[in-house]
Amino acid sequence: MKKTMLLTVAALMLITSGAVAQEKSLFSIYLGDRTTENFMKAWESYEQMRADTVNHNATVVLAYLALIELDRNLEMLAENADSLSARNMFQYANILLELERYDESVALYEKLNEKSPKWSCPWRHKGEAYWEMKKYEEAEKALLKAIETRETHYDAYVWLARVYRDMNRYEEALSTLEKGLSYHGKDIEDPEEEVSGVDVGFLHLDLLGKCGRTEEYEKQYEKMKKIAPDDERLK
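Now for a quick tour of the structure. Model, not experiment: these values are computed from the prediction.

## Points about the overall build of the protein
What the protein contains, in helices and strands, is 13 helices and 0 strands. When the helices and strands of the protein are placed in sequence order, the string is α-α-α-α-α-α-α-α-α-α-α-α-α. Buried residues in the protein amount to 42% of all 235 residues. Approximately 13,300 Å² of the protein is accessible, and the part contributed by carbon and sulfur atoms is 52%.

## Concerning the packing of helix α12 (residues 197–210) against helix α13 (residues 214–227)
In contact at an axis separation of 9 Å, α12 and α13 are set at 155° when each is read in the N-to-C sense. With respect to α13, the element α12 is oriented roughly antiparallel. The handedness of the crossing between α12 and α13 is left-handed. Residue-level inspection shows V198, G201, F202, H204, L205, L208 and G209 of α12 in contact with α13, the latter providing E216, Y217, Q220, Y221, M224 and I227.

## Thoughts on the packing of aromatic side chains
Under the definition given, this model contains 7 aromatic pairs. Here Y30 and F39 contribute two aromatic rings whose centre-to-centre distance is 5.8 Å and whose plane-to-plane angle is 55°, an arrangement assigned as tilted. Residue placement shows K145 over the ring face of W123; its charged tip is 5.9 Å from the ring centre. Across the ring face of W159, the terminal group of R162 is positioned such that the distance to the ring centre comes to 4.3 Å.

## Remarks on unusual backbone geometry
Non-glycine residue K134 carries a positive phi angle of around 65°. With respect to the element layout, K134 can be found in the loop between α7 (120–132) and α8 (136–149).

## Comments concerning the side chain of H153
Looking at the secondary structure, you find H153 in the loop between α8 and α9 (154–166). With relative accessibility at 1%, the residue H153 sits in the buried group. There is a polar contact of 2.5 Å between the side chain of H153 and the side chain of S120. If we skip the residues at most four places from it in the chain, H153 touches S120, C121, R124, A146, D187 and E189.

## Digging into helix α6 (residues 102–115)
In this model, α6 (14 residues) spans 20 Å end to end at C-alpha, consistent with the 20 Å of a helix rising 1.5 Å per residue. Among all positions of α6, only Y102, S105, V106, L108, Y109, L112 and N113 are buried. The buried residues of α6 occupy an angular sector of 165° when the element is viewed end-on, so they sit on one face. Residues of α6 that are exposed and point more than 90 degrees away from the buried face comprise D103, E114 and K115. At its buried positions, α6 is contacted by α5 (86–98) and α7.

## Notes on the nonpolar core
By size, the foremost hydrophobic cluster in this structure holds 44 residues, and its most contacted members are V158 and L177. At the level of secondary structure, the elements contributing two or more residues to this core comprise α5, α6, α7, α8, α9, α10 (170–181) and α12. With 9 residues, the single largest contributor to this core is α9. Those residues in contact with V158, other than ones at most four positions away along the chain, are L177, V195, V200 and L203.

## With respect to the environment of Y136
You can see Y136 is positioned in helix α8. In sequence terms Y136 and Y164 are 28 residues apart; their C-alpha atoms lie 8.1 Å from each other. Ignoring sequence-local partners within four residues, the contact set of Y136 consists of W131, V163, D166 and M167.

Conventions and cut-offs
- Residues numbered from 1 in each chain as written.
- Predicted model: local features only at pLDDT ≥ 70, side-chain atom pairs only at ≥ 80, totals over all residues.
- Heavy atoms only, no water.
- Helix = DSSP H or I, 4+ residues; strand = E, 2+ residues; numbered from the N terminus.
- Buried < 20%, exposed > 50% of the residue type's maximum accessible area, 1.4 Å probe, protein only.
- Areas by Shrake-Rupley, 256 points an atom, 1.4 Å probe, with all protein chains shown as cover.
- Axes fitted to C-alpha atoms, helices over the stretch in contact; angles between N-to-C directions.
- Parallel < 35°, antiparallel > 145°, perpendicular 65-115°, else oblique.
- Left-handed = near helix turned anticlockwise from the far one by under 90°.
- Contact = heavy atoms within 4.5 Å.
- Phe/Tyr/Trp six-rings, centres within 6.5 Å; stacked < 30°, edge-to-face > 60°.
- Lys NZ or Arg CZ within 6 Å of the ring centre and 35° of its normal.
- Polar contact = N/O pair within 3.5 Å; in protein donor to acceptor, adjacent residues only side chain to side chain.
- Expected span 1.5 Å × (residues − 1).
- Arc of directions from axis to C-beta.
- Core = buried A, V, L, I, M, F, W, Y, C linked by side-chain atoms within 4.5 Å.

See the structure below:
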């Protein structure tokens, strides 16, 4: 990550070499002293430059600033990982998951599993990370644990259905998904915040087709056609 950020900084210095002195100065000040105050000054300045007009240079600079600041904050979290609260560690792991840094996220989820074995969410997200890594057996174990610790954990069933589908265990995938759908809206979390309802609908469609349930497939197809008529998964 550090090497990547050094390259982006070098690229940014080239990109902004023709910028006016104030633009270059604010960015240079932040690079020399990466405080929140200097970040905000640079950020607000470049945002102002594109407030009333299209300014692609300002947009590029803002993107680089965001990347550099993200890297700085992630380094702070990494350095203080052992002192984070369980909630903060979970949020940090989720950021790493979003950034596709799966090994790092799994390591944090495992710490949370040890500290709070009955907390379902780290198990569920660890299952997602393993699925992304195509480690399906590990994903299955984590997701089953998520369901064991919270039977109504709707999105854990969805992810487990994806795992079984990718393991070619279609009947198990379909039964798992349909059991999960029975908990839709009954769990403590908002289902749409965890998984897209449209994606779940297409997963259901796919599994109905793979399991040869033709009549139900056709009904689900018509349903998805109304919900997402332009989606490529209908073709």
